[in-house]
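Analysis of the macromolecular model
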Amino acid sequence: MVSYKSLGLVNSRELFKKAVAGGYAVPAFNFNNMEQMQAIIQACVEEKSPVILQVSSGARKYANQTLLRYMAQGAVEYAKELGCNIPIVLHLDHGDSFELCKSCIEYGFSSVMIDGSHLPYDENVALTKKVVEFAHQHDVTVEGELGVLAGVEDEVSAETHTYTRPEEVEDFVKKTGVDSLAISIGTSHGAYKFKPGQKPEIRLDILHEIEKRIPGFPIVLHGSSSVPQDIVAEINKYGGALKDSIGIPEEQLREASKSAVCEINIDSDGRLAMTAAIRKVFVEKPEEFDPRKYLGPARDKLKELYKHKVVYVLGSNGKA
Ligand code: G3H
Ligand code: 13P
Ligand code: ZN
């Protein structure tokens, strides 16, 4: 058993308390390689933002559980070296079983999500409660989910949203003991969220109804990429073949982050930014074959994207 505390990581409890009180959200950025991790830490140190480094089960398989533990420890030391000891959470994104959550906790994660949102309500409650009971013995925080987002996450995909039912949240939080709750109010996973012409809408009315039932309880928004149109255009200009799509407007996310929404998950926008930078190098400098010459620009573009998110979407700059 490796305790996250020995790696210099923190759980999300205090961060969420401050975020809810301060009207901002903590960024949860997905990573699975060194350049992404460097970009996240550089951006968050420069903006003095707390950060959640999150890893999906697919990413964990890709990167290797042991390497991830040392990468997270490295992230803590790297942030200090860059000049700011920002709080860093290592979080499992969309955990789908008790065994996976337990294994992550044993390998140094400070926070886990158990996503039972596709299960019948009572099964979701039972599974989430089991994870909470184990996690809390190790002072690890747990995120649960109610309601189903449209889009693809790992092997699970849903065609349409099932909005979170406000009448269920109080019972769920009470029975499971979770520390935060992911809800479905109109965001969705992946780069293909809405077709141009459609109107993305975060249902602030449902969010406010939920907040009334569990005042001040930490809420998490998944599927919060905005699919920047300039980045999509750049990918396609340099030989990509992305279909037209739009994401969640940043102003709506900023509005939501002023409420009890205290964590906002962004993955796809980072994937797009990296891809655009790499494609540009491949087209403009076809003679290059040193990975640093294309992963370096990708890292720079990622950092720029994350800084923008922290300042203009999350409002978490200066909160470390
Ligand atoms: O919500 C899902 C995240 O974007 C992770 O995606 O399972 O392809 O790593 P992944
Ligand atoms: P996006 O696909 O919108 O980036 O969402 C990521 C996410 O919710 C990770 O859990
Ligand atoms: Zn998600």
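Let me sum up the structure you'll find in this document. (Residues numbered from 1 in each chain as written. Chains lettered and ligands numbered in written order. Predicted model: local features only at pLDDT ≥ 70, side-chain atom pairs only at ≥ 80, totals over all residues. Heavy atoms only, no water.)

Details of the overall build of the protein chain
What counts here: Secondary structure follows DSSP: runs of H or I at least 4 residues long count as helices, runs of E at least 2 residues long count as strands, and numbering of each begins at the N terminus. Computation of the radius of gyration draws on C-alpha atoms, with the globule rule given as 2.2 Å multiplied by the number of residues to the power 0.38. Accessible area is worked out with a 1.4 Å probe on protein chains only. A residue is then buried under 20% of its type maximum, exposed over 50%, and partly exposed in between. Whether two residues are in contact is decided by their heavy atoms, any of which lying within 4.5 Å being enough. Per-residue and other accessible areas were derived by the Shrake-Rupley procedure at a 1.4 Å probe size, with only the shown protein chains allowed to occlude residues. Under this rule, positive means Lys or Arg and negative means Asp or Glu; His and the chain ends count for nothing. Positions of charges follow a simple convention, taking NZ of Lys, CZ of Arg, CG of Asp or CD of Glu.
Within the protein chain one finds twelve helices and ten strands. Here the C-alpha atoms of the protein chain give a radius of gyration of 19 Å, agreeing with the 20 Å that 2.2 N^0.38 yields for 320 residues. Seen through its C-alpha atoms, the protein chain measures out along the principal axes to roughly 60 × 50 × 35 Å. Taking all 320 residues of the protein chain together, the buried fraction comes to 58%. At a minimum sequence separation of 6, the contacts of the protein chain that also span at least 24 residues come to 77%. In the structure as shown, the protein chain presents an accessible area of about 13,700 Å², 51% of it carried by carbon and sulfur atoms. For the protein chain, the distance from the average site of its 37 positive side-chain charges to the average site of its 45 negative ones is 3 Å.

What about the packing of aromatic side chains?
Under the convention used in this document: Only the six-membered ring of Trp is used, alongside the rings of Phe and Tyr, when aromatic pairs are assigned; centres must lie within 6.5 Å, and planes under 30 degrees apart are stacked while those over 60 apart are edge-to-face, with the rest tilted. We call a charge positioned above a ring when the Lys NZ or Arg CZ atom is no farther than 6 Å from the ring centre and deviates by at most 35 degrees from the ring normal.
Applying the stated criterion across every chain, the model contains four aromatic pairs. Between F98 and F134, the ring centres sit 5.9 Å apart and the planes meet at 80 degrees, which makes this aromatic pair edge-to-face. With a gap of 36 residues between them, F98 in helix α5 (residues 98-106) and F134 in helix α6 (residues 121-137) connect regions that are remote in the sequence. Each member of the pair, F98 as well as F134, is classed as buried. Note that R203 overlies the ring of Y163, its terminal NZ or CZ placed 5.3 Å from the centroid.

A look at the site of ligand 2
Stated precisely, the cut-off is as follows: Proximity is defined per residue: any heavy atom of the residue falling within 4 Å of a molecule or strand makes that residue near it. Think of a polar contact as two N or O atoms within 3.5 Å of one another; within protein, one of them needs to be a possible hydrogen donor and the other a possible acceptor, and neighboring residues in sequence only count if both atoms come from side chains. Under the grouping applied here, Gly and all other residues not named as nonpolar or charged are polar, the nonpolar ones being Ala, Val, Leu, Ile, Met, Phe, Trp, Tyr, Cys and Pro and the charged ones Asp, Glu, Lys and Arg.
Near ligand 2 there are 16 residues, and of these D93, K193, S225, D267 and S268 occur at the shortest range. The contact in question runs from an oxygen atom of ligand 2 to an N or O atom on the backbone of S224, over 3.2 Å. S225 is positioned such that a nitrogen or oxygen atom in its side chain is 2.6 Å from an oxygen atom of ligand 2. Among the elements of the structure, β3 (88-95) and β10 (261-266) are those that each provide at least two residues to the shell around ligand 2. For the shell around ligand 2, the per-class residue count stands at one nonpolar, twelve polar and three charged.

What to know about the nonpolar core
Nonpolar side chains tend toward joint burial in soluble globular proteins. How we decide: Here, nonpolar core means buried Ala, Val, Leu, Ile, Met, Phe, Trp, Tyr and Cys residues that are tied together by side-chain atoms lying within 4.5 Å of each other.
Counting residues in each nonpolar core, the largest one holds 101 residues, and the members touching the most others are F31, I41, I88, L181, I219 and L221. Considering each element in turn, this core owes the most residues, eight residues, to helix α12 (residues 291-314). Contacts of F31, omitting those with residues within four sequence positions, involve Q36, M37, I40, L53, Q54, V55, A59, L68, M71 and L90.

A word on the pairing of strand β4 (residues 111-114)
This is how the line gets drawn: Two strands are said to pair when DSSP picks up at least two bridges between them. If you view a crossover with the strands going away from you and the path from the first strand over the helix to the second runs clockwise, you call it right-handed.
On β4, burial covers both faces: S111 and M113 on one face and V112 and I114 on the other are all buried. Bridge count between β3 and β4: three bridges; the pairing is parallel. Residue pairing across strands places H91 opposite S111, the latter belonging to β4. The parallel pair β3 and β4, bridged by α5, forms a crossover whose chirality is right-handed. Taken together, the three bridges between β4 and strand β5 (residues 141-146) define a ladder with parallel strand orientation.

Honestly, that's just the spatial picture; any functional story needs more than this.
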